[in-house]
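Examination of the molecular architecture
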Amino acid sequence: MKIGILVTGHIDEPHFEKYVSYAHMFKQLFKKVNAKLKYEVFDVIDGQWPEYIDSCDGWLITGSASGVYENTPWMQQLKKWIVHAHEKGIPMVGICFGHQIIADVFAGKVERFNGGWSLGPQSYAMKDDAILGKANITLNAVHQDQVIEKPINAQCLASSDFCEYAILMYGDSILTIQAHPEFTNEYEADLLELHKGQAIALEPSQQALSLLQPNPPKLDELIVARWMLSVLQGGPVFRPGNTLV
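A quick note: this is a predicted structure, and the numbers were derived from the prediction, not measured. (Residues numbered from 1 in each chain as written. Predicted model: local features only at pLDDT ≥ 70, side-chain atom pairs only at ≥ 80, totals over all residues. Heavy atoms only, no water.)

**Some points on the overall build of the protein**
Within the protein one finds seven helices and eleven strands. In terms of C-alpha radius of gyration, the protein reaches 17 Å, essentially the compact-globule figure of 18 Å for 245 residues. Across the 245 residues of the protein, 53% fall into the buried class. Across the protein, the fraction of contacts at a sequence separation of at least 24, relative to all contacts at a separation of at least 6, is 71%. (Helix = DSSP H or I, 4+ residues; strand = E, 2+ residues; numbered from the N terminus. Rg over C-alpha atoms; globule rule 2.2 N^0.38 Å. Buried < 20%, exposed > 50% of the residue type's maximum accessible area, 1.4 Å probe, protein only. Contact = heavy atoms within 4.5 Å.)

**A closer look at the packing of aromatic side chains**
By the definition in use, this model includes nine aromatic pairs. Aromatic pair Trp 59 and Trp 81: ring centres 5.2 Å apart, planes at 85°, arrangement edge-to-face. Placement of Trp 59 in strand 3 (residues 58–61) and of Trp 81 in helix 3 (residues 73–88) is noted, with a sequence separation of 22 residues between them. The burial state of Trp 59 is the same as that of Trp 81; both residues are buried. With 4.7 Å between their ring centres and 65° between their planes, Phe 183 and Tyr 187 make a pair best called edge-to-face. Both residues of the pair, Phe 183 and Tyr 187, count as buried. Among the aromatic residues, ring-to-ring pairing joins Tyr 19, Tyr 22, Phe 183 and Tyr 187 into one connected group. (Phe/Tyr/Trp six-rings, centres within 6.5 Å; stacked < 30°, edge-to-face > 60°.)

**As for the pattern of salt bridges**
By the definition in use, this model includes seven salt bridges. Between Lys 18 and Asp 190 there is a salt bridge whose closest N-O contact spans 3.0 Å. With Lys 18 in helix 1 (residues 16–19) and Asp 190 in helix 5 (residues 185–195), the pair connects residues that are 172 residues apart, well separated along the chain. A salt bridge links Glu 111 to Lys 109; its shortest N-O distance comes to 3.8 Å. Of the residues examined, Lys 109 reaches a relative accessible area of 36% and is grouped as partly exposed. (Salt bridge = Lys/Arg side-chain N within 4 Å of Asp/Glu carboxyl O.)

**Let's talk about the packing of helix 2 (residues 22–32) against helix 7 (residues 221–232)**
Two elements in contact, helix 2 and helix 7, have axes whose closest approach is 9 Å; the angle formed by their N-to-C orientations is 95°. On the basis of the axis angle, helix 2 is roughly perpendicular to helix 7. Facing helix 2, whose interface residues are Phe 26, Leu 29, Phe 30 and Lys 32, helix 7 presents Glu 221, Leu 222, Ala 225, Met 228, Leu 229 and Leu 232. When grouped by side-chain class, the residues that make up the contact of helix 2 with helix 7 number eight nonpolar, no polar and two charged. (Axes fitted to C-alpha atoms, helices over the stretch in contact; angles between N-to-C directions. Parallel < 35°, antiparallel > 145°, perpendicular 65-115°, else oblique. Nonpolar A, V, L, I, M, F, W, Y, C, P; charged D, E, K, R; others polar.)

**Structural notes on the packing of helix 5 against helix 6 (residues 202–212)**
In the contact formed by helix 5 and helix 6, the axes pass within 10 Å of each other and the chain directions differ by 150°. Considering the angle they form, helix 5 stands roughly antiparallel to helix 6. Crossing of helix 5 against helix 6: the hand is left-handed. The residues of helix 6 that touch helix 5, namely those facing Asn 185, Glu 188, Ala 189, Leu 192 and Glu 193, are Ser 205, Ala 208, Leu 209 and Leu 212. Taken together, the residues of the contact of helix 5 with helix 6 sort by class into five nonpolar, two polar and two charged. (Left-handed = near helix turned anticlockwise from the far one by under 90°.)

Structure follows, in structure tokens:
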């Protein structure tokens, strides 16, 4: 199976050598769950696009420092790509910015949340804990923008007090997640240390760092990675026998 990774942002230069890229982070995540996948990576933010919509079996849209409401030319093209892939029934997963731009395509509302930043390990309550086998999941987050009105055709699967629409599902072929299953605690801490008090507000950065050091919480990224894979492979859920209501 071949997954196309549509890269919508780049990691910071000080982290190149250590973390490589967002695409690399996803490859490492899927490797942890023994996924046998081939990949094609396209830096769509830099104008690199696949030639054909069906050149990959599924598409993954990464996070980005950009805001959906900027509506730049590459975002406009990505929105058309999402519509086309959906019409063709090709599975998609969107993470953070990917979560937001897919919601925007389907007439949801995305904006900078007036509640501030969501940073560090966050707990999300599952609407149906049978879906992932847990009542709550913990993932790292870095965002101020979020979906504040979900599309009519989206089902909300997980929420927190800060982020009402944390995980959305569209039918059985599109899964989107506001948080970052690909972000390890180590990367999250390095990211916040680099940007605290500058691109990211100081106080919430320090609060998040206090949770990450010295004893970070256990994340549920492997559970979520298996679910992402199930959707990309054409199945509605990871756990056999479960259905989305």
